[in-house]
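So you can see what is in the structure, the chains are spelled out below.
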Amino acid sequence: DRAYLHLNIGSLLARGGDLANAEPHFREAIRLKPNLVQAYRYLETLIKSRGGVQAGTVRVLQEVLQRDPANANAKKLLDTINASAATTMPEAGGR
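Here we summarise the structure given alongside this text.

Comments concerning the pattern of salt bridges
Then comes step 1: By the definition in use, this model includes five salt bridges.
Then comes step 2: A salt bridge links Asp-1 to Lys-33; the nearest nitrogen and oxygen atoms lie 3.4 Å apart. With Asp-1 in the segment before α1 (2–15) and Lys-33 in the loop between α2 (19–32) and α3 (37–51), the pair connects residues that are 32 residues apart, well separated along the chain.
Then comes step 3: For Asp-1, a relative accessible area of 62% translates into the label exposed.
Then comes step 4: By relative accessible area, Lys-33 is classed as partly exposed at 30%.
Then comes step 5: Of the charged contacts, one joins Glu-23 and Arg-27 as a salt bridge, the two residues approaching to 2.9 Å between their closest N and O atoms. Taken together, the positions of Glu-23 and Arg-27, both in helix α2 and four residues apart, correspond to about one turn of that helix.
Then comes step 6: When its relative accessible area of 14% is taken as the criterion, Glu-23 is described as buried.
Then comes step 7: Where salt bridges share partners, they join Glu-23, Arg-27 and Glu-63 into one cluster.

Considering the side chain of Glu-28
Then comes step 1: Relative to the helices and strands, Glu-28 is located in helix α2.
Then comes step 2: Engagement of the side chain of Glu-28 in a polar contact is seen with the side chain of Arg-31, the distance being 2.7 Å.

Quick notes on the rules
- Residues numbered from 1 in each chain as written.
- Predicted model: local features only at pLDDT ≥ 70, side-chain atom pairs only at ≥ 80, totals over all residues.
- Heavy atoms only, no water.
- Salt bridge = Lys/Arg side-chain N within 4 Å of Asp/Glu carboxyl O.
- Helix = DSSP H or I, 4+ residues; strand = E, 2+ residues; numbered from the N terminus.
- Buried < 20%, exposed > 50% of the residue type's maximum accessible area, 1.4 Å probe, protein only.
- Polar contact = N/O pair within 3.5 Å; in protein donor to acceptor, adjacent residues only side chain to side chain.

The analysis is restricted to geometry; functional conclusions fall outside its scope.
Right, here's the structure in full:
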């Protein structure tokens, strides 16, 4: 299956430190097989390494929901992250 081929190539590249070339393989694996959870996990890890934990996770969850709007797990996790961010933001006008 070509999706797994891309997943494995991306994984090998990422383990070797070649994140720039690993990312397109994870994205292609997702394109070929949108329910391939491991590809999302690898992509999430790669994105986290570039932009921080929350930013990377939010971007991946948004991609999951674009491809699968009925994905209850992704929606729940994104809602949890957004609620957490809202409670940690300082109030407007506060000191």
